[in-house]
Amino acid sequence: MYDAPNLETRVTQTNTKITARGVQVYYGDKQALQDVDVDILDNTVTAFIGPSGCGKSTFLRCLNRMNDTISNARVEGEILLDGENIYDKRVDPVQLRAKVGMVFQKPNPFPKSIYDNVAYGPKIHGLTRSKAELDEIVESSLRKAALWKEVKDRLGEAGTGLSGGQQQRLCIARAVATAPEVLLMDEPCSALDPIATAQVEELIDELRASFSVVIVTHSMQQAARVSQKTAFFHLGNLVEYGDTSHIFTNPSDPRTESYITGRIG
Amino acid sequence: MTDATSSQVPAAAPSPARSSLLTQSALMKKRNAAEARFKAYGVAAICVSLSVLAIMLWTIFSDGVSAFKQASLTFPVTLDADALDPKGNRERAEMMRVTTIGYTKLLNAQLLAHLEARGISTEGVSDKDVAAFISRDTPARLRDMVLEQPELLGQTITVEGFATGRIDGYIKGRVTRDTAALDTNISVAQLDLADRMQDEGILDTKFNWGFLTNPDASDQRPEAAGLGVALIGSAYMMALVVIMVLPLGVAASIYLEEFAPRNRWTDLIEVNISNLAAVPSIVYGILGLAIFINFAKFPQSSPLVGALVLTLMTLPTIIIATRAAIRAVPPSIRDAALGVGASKMQTVFHHVLPLAAPGILTGTILGLASALGETAPLLLIGMVAFVANYPAGPLDGGVLDPATALPVQVYSWASRSDPAFIERSAGAIIVLLAFLVTMNIIAIILRRRFERRW
Ligand SMILES: Nc1ncnc2c1ncn2[C@@H]1O[C@H](COP(=O)(O)OP(=O)(O)OP(=O)(O)O)[C@@H](O)[C@H]1O
Ligand SMILES: [Mg+2]
């Protein structure tokens, strides 16, 4: 039915990185997510798919407590990172976000130079001791984000002056630079051309070696290509979660099947 | 041709109603007409405001520019040692005994002697009326000079001093022979003498730096009055207002915008800030009088109290402008900073504030401009007083010395009777405008520097 090119990708690691139990999210009185239970594995790419407005971004933002910044958002339930509840009163979300990096749906580089964009995270977290080390991190992060070749001669120019796709890769480099344990990516490729998309997908696969990646995507092909685990959301519910190969070839829920087939035809 | 082309398109429905792009439809014409009308309104509005501005500037400048020039008398004076130092011991204390009256007599006599020597007829003008040419300011200055440098006694020096306001007015065209005939302070014969003295170069108009540097002067000598004290007072106040209002306003705005929870209390504060921005400025003057002068016992007429009152007055404006500037920073920038693990404070200071800085500066400069031009609250705290001494330097507690401010000086001169003061009032407005333009230029330069970074 659907020929996923990457079906042989096996889940090599089974350590659970993030455990979510009974997560409910409300925006004011409106419930956006109901009873989400999911185990996100380490060294694994997990894809969140589902129709627009089903709560993918909402759940992603729960994982690094970015929902704290929305005044009327309320999260219930438990989310454990390496067994520690990130919604515990003692957890400082700032410290959490250094471990759980994020790339947003819309590219949002700082209105500073390309270099400063990437160097900002390492600087505030004190990851480097010298300028040379910082230069090193900036270069390797930009290389990982497949942007180095395009910008290496103009690191001092404004990050906002790049094209949309380049900006998104800059944001990826910025997230990678802080060496997070989990990287959350909200439709990172929606502004990219096929070549850049392929590069980013390659990057995601590389990143898997060092940390857990969660990616929201509207492209079934992308989900199939890059992820080992897939979660299908619908109307605020986590309908189905399992191995990507399983979800795409043999979904157990009719909603999953109709979504996958409906979108791909 | 058109027919041929359209008939060659068989696929399109051969609707006769298909309109050509070359002719405008009735609806399109209507829309274009509406747009043209709107543009015309806009141009008319701009023309009206520009012409009002032009008229205003023209009246101010035509009335005020003359205040920067002043008629002066130049003639040699032999400083008679016997008259000015009767004891002959050059002791300062002794010399102080000779008041300005003594110097006036000396100057009067010397002017008469000079006129005679130059062969200028003083026909029809009494000696007293010739003496009336010399401003009362001149003997006072000469006395200060002699007390300062007693070695000048016995020498002949060239004295340059103001002519009185009426003579100045005659040279500037404010006083004519017709008005002089009705004026008890000046006679037509004096004007004739002024003409002759002008021909001989004794009477001359020069650029009057004294207008910018002198303190205010009494009603008897408008020619000596200047803006020195008012300029210092305004400069002190603006500096103090910036120092006080920027940290307060920016801190309050950041807290309210980024940190404060949204609840009934913050709503209440918000409403109150908006209301405070609309409170008439004189109310702040009453508040300042009650709190800073009557309760805290700060000195009256001091720039410090003025600045405190103006700070209170501009604070709401600046908070409103700063909050708007902070709110205009796209939320995605905050998300980005928080997303890489910046704390809230780092997010604000590293990313939000630099982006809001141009807006904050614009708001601040608007607030300062209104503070600079504010008169009413300063009247209430006594800054309208006649201040003849310069306040001390800023580090010597000058902000506690009595001073006036530019708009107050405009007001107090405009309310005096002598036309020479009215002219100076218009001149002071020009200085006020120049002060304002300078402040705006500084703000624009600063803003450019913030904006040009990206
Ligand atoms: N800040 C907010 N305030 C109120 N409701 C919100 C807010 N953000 C999201 N929602 C609502 O929550 C639901 C889930 O939104 P979410 O952004 O998670 O969808 P999504 O799955 O990411 O969609 P898309 O694929 O279009 O990005 C939607 O119904 C949306 O209207
Ligand atoms: Mg989304």
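Within every chain, residues take consecutive numbers counted from 1 along the sequence as written. Throughout, the order in which chains and ligands are written sets their labels, letters from A for the former and numbers from 1 for the latter. With the structure being a predicted model, the display of local features is reserved for residues of pLDDT at least 70 and the display and counting of side-chain atom pairs for 80 or more, all residues being used for whole-chain, interface and lining totals. Heavy atoms throughout the structure, all of them, feed into the side-chain values; hydrogens and water do not.

With 16 residues of chain B at the contact, the number on the chain A side is 24 residues. Each partner contributes to the roughly 1700 Å² buried at the junction of chain B and chain A, and carbon and sulfur atoms together form 66% of this total. Salt bridges, as used here, are contacts in which a Lys or Arg side-chain nitrogen is within 4 Å of a carboxyl oxygen on Asp or Glu. For the pair chain B and chain A, the interface holds zero salt bridges. Counting of polar contacts relies on pairs of N or O atoms within 3.5 Å, with two restrictions inside protein: one atom must be capable of donating a hydrogen and the other of accepting it, and residues adjacent in sequence are counted only when both atoms are side-chain atoms. Applying the counting rule to chain B against chain A returns five residue pairs in polar contact (both at pLDDT 80 or more). Only DSSP runs of H or I covering at least 4 residues are called helices, and only runs of E covering at least 2 are called strands; the numbering of each starts at the N terminus. Elements with a contribution of two residues or more to the side of chain B that touches chain A: helix 16 (331-339) and helix 17 (344-372) of chain B. The element contributing the most residues to the side of chain B that touches chain A is helix 16 of chain B, with seven residues. Per-class residue counts for the side of chain B that touches chain A are eight nonpolar, seven polar and one charged. Should any heavy atoms of two residues lie within 4.5 Å, those residues are considered in contact. Two parts placed together each lose some accessible area under a 1.4 Å probe, and the buried area is that loss summed for both. Only Asp, Glu, Lys and Arg are considered charged, only Ala, Val, Leu, Ile, Met, Phe, Trp, Tyr, Cys and Pro nonpolar, and every remaining residue, Gly among them, polar.

Attention shifts here to the domain arrangement of chain B. Residue and element names in this part refer to chain B. The domain boundaries assigned to chain B delineate domain 1 (68-208) and domain 2 (228-450). Taking only C-alpha atoms, the centre of domain 1 and the centre of domain 2 are 45 Å apart. On the side of domain 2, eight residues touch domain 1, which itself brings seven residues to the contact. Together domain 1 and domain 2 conceal approximately 510 Å² of surface at their shared face, both sides included; 48% is due to carbon and sulfur atoms. In terms of surface lost to domain 2, no three residues of domain 1 exceed Phe68, Arg166 and Arg174, which account for 70% of the buried area on that side. Start and end positions for the domains come from either an automated domain assignment or a database one.

Residue and element names in this part refer to chain A. Bridging between strand 1 (residues 16-27) and strand 4 (residues 73-81) involves eight bridges; their strand directions are antiparallel. Following the sheet pairing, Tyr26 is matched in strand 4 by Arg74. Pairing between strands is defined by DSSP: at least two bridges between them are needed. Inspection of the sheet shows strand 4 paired to strand 5 (residues 84-85) by two bridges, in the antiparallel sense. Bridge assignment links Leu81 to a residue of strand 5, and that residue is Glu84.

With that settled, consider the coordination of the magnesium ion (ligand 2). Residues and elements named next belong to chain A. Metal donors were taken as nitrogen, oxygen and sulfur atoms no farther than 2.8 Å from the ion, or 3.2 Å where the ion is Na, K or Ca. Water is excluded, so coordination may look unfinished. Those protein atoms acting as donors to the magnesium ion (ligand 2) are Ser57 (OG) and Gln105 (OE1), and they sit at 1.9 to 2.6 Å. Here Gln105 lies in the loop between strand 6 (100-103) and helix 3 (114-124) and Ser57 lies in helix 1 (residues 56-63), a separation of 48 residues in the sequence. Given a relative accessible area of 22%, Ser57 falls into the partly exposed group. Exposure remark for Gln105: the relative accessible area of 36% places this residue in the partly exposed category. Only protein chains enter the accessibility calculation, which uses a 1.4 Å probe. A residue is then buried if its area is under 20% of the maximum for its type, exposed if over 50%, and partly exposed in between.

All names here are of chain B. Fitting a line to C-alpha atoms yields each axis, with helices limited to the stretch in contact; the angle taken between N-to-C directions then spans 0 to 180 degrees. Where helix 19 (residues 406-414) meets helix 20 (residues 419-451), the axes come as close as 8 Å, and the angle between the chain directions of the two elements is 165°. Between helix 19 and helix 20, the angle falls in the class roughly antiparallel. In this structure, helix 19 meets helix 20 at a crossing whose hand is left-handed. Facing helix 19, whose interface residues are Leu406, Pro407, Val410, Trp413 and Ala414, helix 20 presents Phe421, Ile422, Arg424, Ser425, Ala428, Ile429, Val431, Leu432 and Phe435. An angle below 35 degrees is treated as roughly parallel, one above 145 as roughly antiparallel, one from 65 to 115 as roughly perpendicular, and anything else as oblique. Each crossing gets its hand from how the near helix is turned against the far one by less than a right angle, where anticlockwise is left-handed and clockwise is right-handed.

This paragraph deals with the pattern of salt bridges. Evaluation of the coordinates by the stated rule reveals 40 salt bridges over all chains. Ionic pairing is found between A:Lys17 and A:Asp82, a salt bridge with its closest N-O pair at 2.9 Å. Of this pair, A:Lys17 sits in strand 1 while A:Asp82 sits in the loop between strand 4 and strand 5, and the two are 65 residues apart along the sequence. Ionic pairing is found between B:Glu423 and B:Lys172, a salt bridge with its closest N-O pair at 3.3 Å. You can see B:Glu423 sitting in helix 20 and its partner B:Lys172 sitting in helix 8 (residues 165-172), a full 251 residues away along the chain. B:Glu423 gets classed as buried once you look at its relative accessible area, which sits at 7%.

Formed by 55 residues in total, the largest nonpolar core has its most connected members in B:Leu227, B:Met238, B:Leu310 and B:Leu378. For this core, the secondary structure elements donating two or more residues are helix 12 (228-259), helix 14 (281-295), helix 15 (303-327), helix 17, helix 19 and helix 20 of chain B. With 10 residues, helix 15 of chain B is the single largest residue contributor to this core. Not counting residues within four places of it along the chain, the set of residues in contact with B:Leu227 comprises B:Phe211, B:Leu212, B:Asn214, B:Leu406, B:Gln409, B:Trp413, B:Ala428 and B:Val431. If you look at the next biggest cluster of nonpolar residues, it comprises 47 residues, including A:Leu142, A:Ala177, A:Ala224 and A:Val239. To qualify as a nonpolar core, a set must consist of buried Ala, Val, Leu, Ile, Met, Phe, Trp, Tyr and Cys residues joined through side-chain atoms within 4.5 Å.

Turning our eyes to something else, we now look at the packing of aromatic side chains. Each Phe, Tyr or Trp ring (for Trp, its six-membered ring) is paired with any other whose centre lies within 6.5 Å, and the angle between the two planes then decides the class: stacked below 30 degrees, edge-to-face above 60, tilted in between. One pass over the structure, following the stated rule, counts 10 aromatic pairs over all chains. Measuring from centroid to centroid gives 5.2 Å for B:Phe68 and B:Phe211, while their planes differ by 85°, and the two rings are edge-to-face. Highlighted residues: B:Phe68 in the loop between helix 2 (26-64) and strand 1 (69-78) and B:Phe211 in helix 11 (residues 210-213), separated in sequence by 143 residues. Comparing B:Phe68 with B:Phe211 shows no difference in burial state: the two are buried. Clustering of aromatic rings is evident, with ring pairs tying together B:Phe68, B:Phe207, B:Trp209, B:Phe211 and B:Trp413. Taking the ring centre of A:Phe110 as reference, the NZ or CZ of A:Arg174 above it sits at 4.5 Å. Note that A:Lys229 overlies the ring of A:Tyr241, its terminal NZ or CZ placed 5.4 Å from the centroid. Whether a charge lies above a ring is judged from NZ of Lys or CZ of Arg, which has to be within 6 Å of the ring centre and within 35 degrees of the ring normal.

Moving on, we come to unusual backbone geometry. Notably, A:Arg65 is not glycine yet its phi reads approximately 55°, a positive angle. Looking at the element boundaries, A:Arg65 is found in the loop between helix 1 and strand 4. Its identity is not glycine, yet B:Lys297 carries a phi of approximately 60°, on the positive side.

All names here are of chain A. Near ligand 1 you find 14 residues, and of these Ser52, Lys56, Ser57, Thr58 and His218 are the closest. Gly55 places a polar main-chain atom, nitrogen or oxygen, 3.0 Å from an oxygen atom of ligand 1. Residue Lys56 places a side-chain N or O atom 2.7 Å away from an oxygen atom belonging to ligand 1. Contact with the protein chains hides 67% of the accessible area of ligand 1, taken as 630 Å² for the molecule alone. Throughout, near means a residue has at least one heavy atom within 4 Å of the molecule or strand. Shrake-Rupley sampling with a 1.4 Å probe provides the accessible areas, and residues are treated as covered by the protein chains on show and by no other component.

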